[in-house]
Structure formats: structure tokens, C-alpha cells
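Reading the structure
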Amino acid sequence: MTSPSPSSRKSLSKIACNRLQKELVEWELNPPAGFKHKVTDNLQRWVIEVNGAPGTLYAGETYQLQVDFPEHYPMEAPQVIFIPPAPLHPHIYSNGHICLDILYDSWSPAMTVSSICISILSMLSSSPAKQRPADNDRYVKNCRNGRSPKETRWWFHDDKV
Amino acid sequence: MSPTVAANAIAKQAEQLKQDGNFCFTKNRFGAAIDAYTEAIALCPNVPIYWTNRALCHRKRNDWTRVEEDCKRAIQLDHNSVKAHYMLGLALLQRKEYAEGVKELEKAMDLGRGANPHGYMIEEIWQELAKAKYLQWEHESTKRSWELQNLKEACEGALEEKHLRDSVEVEGFLDETTEAYSEQLEALGRVFRKAAEGDTPAEVPDYLCCKITLDIFRDPVITPSGVTYERAEILEHLQKVGKFDPITREPLYPSQLVPNLAIKEAVRAFLDQHGWAYKTD
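Residues numbered from 1 in each chain as written. Chains lettered and ligands numbered in written order. Predicted model: local features only at pLDDT ≥ 70, side-chain atom pairs only at ≥ 80, totals over all residues. Heavy atoms only, no water.

**Details of the packing of aromatic side chains**
All names here are of chain A. This structure, assessed with the given rule, holds nine aromatic pairs over all chains. A centroid spacing of 5.6 Å and a plane angle of 70° characterise the contact between Trp 46 and Phe 69, whose relative ring orientation is edge-to-face. Taken as a pair, Trp 46 in strand β2 (residues 45-51) and Phe 69 in the loop between β3 (62-68) and β4 (79-83) lie far apart in primary sequence, 23 residues in all. Judged by its relative accessible area of 1%, Phe 69 is buried. (Phe/Tyr/Trp six-rings, centres within 6.5 Å; stacked < 30°, edge-to-face > 60°. Helix = DSSP H or I, 4+ residues; strand = E, 2+ residues; numbered from the N terminus. Buried < 20%, exposed > 50% of the residue type's maximum accessible area, 1.4 Å probe, protein only.)

Set out below in C-alpha cells:
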């Protein structure tokens, strides 16, 4: 597994806690279409079920996202990965890491778990082919020591997919 | 020794006593700290900080009468003392003087925001203020709902009595009067539910909430893009994340933020009508 264990992370700040509670309430009232939050008592790690949108390459398939929140969320982006097996996609590595700018350099504190989910689903839906990124093996090997995708220096060279 | 030199020597001695008091305070020796500040006050009674420092010691010992006395003296000397207004507010709340206490806390917060908008004091004052406002609401809404409940029962009783009277008088039209009666009961229920709406906890409307905190605004500021944020949060974003508007991603600098007075007024009006929204968990 590539993510650090929850015990090694700092617990949520009061502001982060407050905000996540509000996001959770809003999610329960108004969940994004195609997603299901698996309710646990752990506010700092959400596991979310994703259903491929009908009419796309991923229709009928189900995947799981793992969202880990840092102490200073939302001033820092959460870590979002697919729990393997990850969908076959030119921007998703076999270890579950996702190459998507809003999760890293282009994060904004006005984004929410819900808006991240919608971005990920739209990334899946617009995929032209089910294949791994060209550098998949090299990247996954580099991550063997449990490196977080947030430590990767991503190159977002393709914004068409 | 000339009078000024003598006065300077006294002031210096008082300052030293204050330092001693501060040291004792950090060691949690509040009695000794109070003695030191008391001596400093005896030498220089016109320095407001000696009074507020001593008040802080009294606060630690839950001696609220003395907190109130010292803070009132400090305010006489300096109308703009955040700490004096803050602790005076707390002391008044202890005496269940809610309205006066809340007024002092609000004064402290306005003064504190002007001096140092990110200070730890602001958060602490806000927490105390919200707690007091929530208690005040709880107290008043309990009274209101009790009154409504009594009134509702009286109205229902009166309707029932009328219905019984009518059904004896107009024998043969029993179905119609029963139907009218149950309709009236239902309408009565609606009226009373409506009357209790303001005191029923619900969601705060989105337009009164910051898109970063998702919480009701305290100190709203607007960006050139027209989006409103909580001041402390947008400043932190500009410092830590980047110099852009979090929603529109237009370039943004701290100097461009302007208080959104209309939203501030709207929040105040909403909170006046819906005290439950002060809940801070």
C-alpha cells in the first residue's frame, strides 16, 4: 500500500474537523451522482465507491477511492488515490496514484470532496482508451517505499484526457 | 532630585514590579502576581496594563467581582483596551448579565479586529461570545416555546369545546362539523409550527457561509471577483496556497480585500432571528 498509515499523520486541526463535518452533512443530503461514501467513524480517511458513468468505457465497473485529509485541510489538498485494482486509464497508475492537477499544484481551498469526485469521474468518462500511463512501471517502482503521490513532481502535459 | 527624575524612578520601579508579576503569573503563582501588580498600581495607578494584568490573575482564581472592578478601572484609563472589555464581558456573563456581557465582548472583538485581525484573542473572544449568545438564545427560546405550547393547548381546548357544542345543536350534520373541526385543528397546527420556525435549528443559508470554512461568516471580505470569504481564511490561503481567488482563480492580493458590510449586516440580522446558529460545538 502506498499511503502512510493514519497513525503516522497529524490529527485534523479544529478548522479542518469543522469543515469536514459540514462536508459530510452536505454529502449525505446531496451526494454526487455515481459515488457512495462508506460511512465510518474516521473523519480523516474517507473511502468512496465510484461507479463508472453509463455510456463510457468504465460503465458498470466499480472502484474505490481513498481520501486522506491533512492536518491543515482545506489549506492543503487531501491525498486521493484509487485502492488497487485501479481503473485502466492513461492518467492512473497501477498503484492507484492519479495524475490530476487539482489534487496537487492547482488545489484550491474552495474545492470539496464532492467537487474532486466530479473531476475524477469526468476524467474517467473522457478517456479514449483503457491503458496505463506510458511510464507506469518506472513510476510505480519509484513509489515502492510508500511515497505519497503528493510528493511526486507531476507533469501535467496532457489536459485533453 | 528634580520632580521628573523622581517620577521616572517611580515609574521604573512600577515597571519592575509588573515584570515580577508577569514572571509569577507564568509560574501559576497568582497570589504573588496579584501582590506585585497591586504594588505597581499603588506607585502608578494610571497605567491600564497593571489593572488588566491583575484582572487576569483574578480571572484565573475565579474571583469575578475583582475582575469586574479592575477591568472597569482599566477602561476608565483606556477606552480601547481589548483585554479589559473582554474580561469585563466574561465577568458580567458570570453574573448572568447576558445583554451587558455580550455588549462588552462585541466591543472587545471590534477593537481587537482593528488592532490585530489574526490575533489568538479574536478567536477566543468569538468562542466566548458565541457561547454566551447561544445560552441566551436557549434561555429565551425555551420560554417562547413554553408560551406557544400553552397557547396551542388553550386554542385546541377551545376548538374542541366549540365542536362538542355544535354537534349537540346541529344534529344530523355531524359529518360536516367533524370535518370542519379536524380542518381547523390542522390549520392551528400549521400556524404554531410557523411561529416556532425561527427557534427550530436548521441549515444556515449558503449565501451567509464562507466557501472555505462552509461556516457562517464572522468577518466577511469581498474580492475584486465579487466572491466573499472569511477574512482570516482568505488571508491564510493567500499566504500558504497562492495569490489567487480560490473560486475564480483570478490573481488576488491581500490589499485588494474589502470588508463586505452588507453580508456582515445580513449575518447579524440572521443571527438575531436564529440564535441556534451560534452553536460552536
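On we go.
**Describing unusual backbone geometry**
Note: most residues except glycine have negative phi, and most peptide bonds are trans. Here the bond from A:Tyr73 into A:Pro74 is cis, since omega is 0°, no more than 30 degrees from zero. Each neighbour pair has its own omega, and for A:Pro84 with A:Pro85 the value is 5°, a cis peptide bond. Along the polypeptide, A:Pro85 turns up in the loop between β4 and α2 (113-125). At B:Lys96, a position not held by glycine, the phi torsion is positive, near 65°. Looking at where B:Lys96 falls in the secondary structure, it is placed in the loop between α5 (82-94) and α6 (98-115). When its relative accessible area of 59% is taken as the criterion, B:Lys96 is described as exposed. The phi angle at B:Arg249 is positive, at roughly 65°, despite the residue not being glycine. By the secondary structure assignment, B:Arg249 is in the loop between α9 (231-240) and β3 (258-259). Taking the relative accessible area as the measure of exposure, B:Arg249 reaches 37% and is therefore partly exposed.

**Focus: helix α1 (residues 14-29) of chain A**
Residue and element names in this part refer to chain A. Its 16 residues give α1 an end-to-end C-alpha distance of 23 Å, which sits within 8% of 22 Å, the value for a rise of 1.5 Å per residue. For α1, the complete set of buried residues consists of Ala 16, Arg 19, Leu 20, Glu 23, Leu 24 and Trp 27. Projected down its long axis, α1 shows its buried positions confined to an angular sector of 145°, all on one face. Facing away from the buried surface of α1 by more than 90 degrees, the exposed residues are Lys 14, Glu 28 and Leu 29. (Expected span 1.5 Å × (residues − 1). Arc of directions from axis to C-beta.)

**Re the nonpolar core**
Membership of the largest hydrophobic core comes to 59 residues, with the highest contact counts inside it found for B:Tyr86, B:Ile125 and B:Val204. Leaving out residues up to four positions away in the same chain, B:Ile125 has contacts with B:Val82, B:Tyr86, B:Leu105, B:Ala108 and B:Met109. Listed in part, the 41 residues of the second largest apolar core include A:Leu24, A:Tyr63, A:Ile102 and A:Tyr139. (Core = buried A, V, L, I, M, F, W, Y, C linked by side-chain atoms within 4.5 Å. Contact = heavy atoms within 4.5 Å.)

**A look at the interface of chain A and chain B**
With 17 residues of chain A at the interface, the matching set in chain B holds 18 residues. With both chains or domains summed, chain A and chain B bury close to 1400 Å², and 57% of this area falls on carbon and sulfur atoms. For the chain A face of the interface with chain B, the top three residues by lost area are A:Lys22, A:Met75 and A:Ala110, together amounting to 38%. Remark: the boundary between chain A and chain B carries one salt bridge. A salt bridge links B:Asp215 to A:Lys22, with the shortest nitrogen-to-oxygen separation between them at 3.7 Å. Taken together, the links from chain A to chain B amount to three residue pairs in polar contact (both at pLDDT 80 or more). Among the residues forming the side of chain A that touches chain B, the class breakdown is nine nonpolar, four polar and four charged. (Buried area = accessible area lost by both parts, 1.4 Å probe. Salt bridge = Lys/Arg side-chain N within 4 Å of Asp/Glu carboxyl O. Polar contact = N/O pair within 3.5 Å; in protein donor to acceptor, adjacent residues only side chain to side chain. Nonpolar A, V, L, I, M, F, W, Y, C, P; charged D, E, K, R; others polar.)

**Side note on the sheet that holds strand β1 (residues 220-222) of chain B**
All names here are of chain B. One open sheet holds the three strands; their spatial order is β2-β1-β3, and the pairing between them is antiparallel. Looking at the sheet topology across the chains shown, the edges are occupied by β2 (228-230) and β3. Across three bridges, the pairing between β1 and β2 is antiparallel. By the bridge assignment for β2, Val 221 is matched with Tyr 229. Contacting β1, β2 and β3, α9 crosses the sheet at an angle of about 90° to β2. (Pairing = 2+ DSSP bridges. Axes fitted to C-alpha atoms, helices over the stretch in contact; angles between N-to-C directions.)

**Side note on the state of the cysteines**
The final tally for this structure, using the stated rule, is zero disulfides over all chains. In this model A:Cys17 remains outside any disulfide bridge; the closest cysteine sulfur is found in B:Cys210, 17 Å from its own. We classify A:Cys17 as partly exposed; its relative accessible area is 27%. This cysteine, B:Cys210, is not joined by any disulfide, and B:Cys209 carries the nearest cysteine sulfur, 8.6 Å off. Assessed through its relative accessible area of 1%, B:Cys210 is described here as buried. (Disulfide = S-S within 2.5 Å.)

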